[in-house]
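# A closer look at the structure
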Amino acid sequence: MHIRHDNSYPPHTSELRKMVFASLFAALTAVGAYIQIPIPFSPVPVTLQVFFVLLAGSMLKSKWGSLSMVVYTLLGVAGLPVFSGGSSGLGVLLGPTGGYIFGFIVAAYFTGKLAEKAESAGKSGLAVNVLNMSAGILTIYALGVTQLMLVAEIGLETALALGAIPFIPGEIVKTAAAAYIATTYKL
């Protein structure tokens, strides 16, 4: 057995850590699907999935954040009950809410890219994280509302009323909490 005393690790250790955290964020996103807060004016509850998507992108950056959401999505397609309400399968991705799940992947990537650019420019902090994560949320809702319109054959106004507007207050709270965590803790 060899014990390192110089605190140096092989270069692949960083990638392994990110892989482990990507798996963790995929699992947390699945758990977030089960944490539901009903809202009285909508049949769709607020879940914590978006919270973990934002954290994955911001903390793991573009590559590993988006890969964590790809893993989450593949788990659901494979039949594990990881989507909202314990649903799963390809039908969910092709259904009216599938755009939001595709949005998770793109949002984690986009949020991560913005975080990378901010770091390379020497900008960081709560406000930067809030702006980056807000862009991620807009990405999720743009893809989600678009697919809702196409699959349900409804207009933009109806799709926004059903699939976006009721969730804005919850997204503000989740963004604030996720931005605080991403600002306070580093992986």
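Residues numbered from 1 in each chain as written. Predicted model: local features only at pLDDT ≥ 70, side-chain atom pairs only at ≥ 80, totals over all residues. Heavy atoms only, no water.

## What about the environment of Ile 165?
- Locating Ile 165 in the fold gives a position in the loop between α6 (156-163) and α7 (168-184).
- Sequence separation between Ile 165 and Tyr 141 is 24 residues, and the spatial gap between their C-alpha atoms is 9.8 Å. (Helix = DSSP H or I, 4+ residues; strand = E, 2+ residues; numbered from the N terminus.)

## Description of unusual backbone geometry
- Positive phi, close to 70°, is recorded for Lys 61, a residue that is not glycine.
- In this fold, Lys 61 is placed in helix α2 (residues 49-77).
- Of note, the phi angle at Glu 153 is positive, near 55°, even though the residue is not glycine.
- Turning to its location among the elements, Glu 153 is positioned in the loop between α5 (126-152) and α6.
- Looking at Glu 153, the relative accessible area reads 73%, which means it is exposed. (Buried < 20%, exposed > 50% of the residue type's maximum accessible area, 1.4 Å probe, protein only.)

## A few points about the pattern of salt bridges
- If you walk through the whole model with that rule in mind, you get four salt bridges.
- Linking Glu 119 and Lys 61 is a salt bridge whose minimum nitrogen-to-oxygen distance equals 3.0 Å. With Glu 119 in helix α4 (residues 98-120) and Lys 61 in helix α2, the pair connects residues that are 58 residues apart, well separated along the chain.
- Given the relative accessible area of 45%, Glu 119 is considered partly exposed. (Salt bridge = Lys/Arg side-chain N within 4 Å of Asp/Glu carboxyl O.)

## Looking at α2
- Between the first and last C-alpha of α2 there are merely 16 Å, a value that for 29 residues lags more than 12% behind the 42 Å anticipated at 1.5 Å per step.
- By the largest-angle criterion, Lys 61 marks the main kink of α2, which is about 140°.
- Of all 29 residues that make up α2, 22 are buried, and the element is covered over most of its length.
- Positive backbone phi, approximately 110°, marks Gly 79, located one or two places after α2. (Expected span 1.5 Å × (residues − 1). Bend = angle between axes of the 7 residues up to and from the residue.)

## Some words on α7
- Taking 1.5 Å per residue, 17 residues should reach 24 Å; α7 reaches 24 Å between its end C-alpha atoms and fits that length.
- All of the buried residues along α7 are Glu 171, Lys 174, Thr 175, Ala 178, Ala 179 and Ala 182. Along the axis of α7, the buried residues cluster in a sector spanning 130°; they form a single face. Turned more than 90 degrees off the buried face of α7, the exposed positions are Pro 169, Ile 172, Val 173 and Tyr 180.
- For α7, the secondary structure elements touched by its buried residues are β2 (46-47), α2 and α5. (Arc of directions from axis to C-beta. Contact = heavy atoms within 4.5 Å.)

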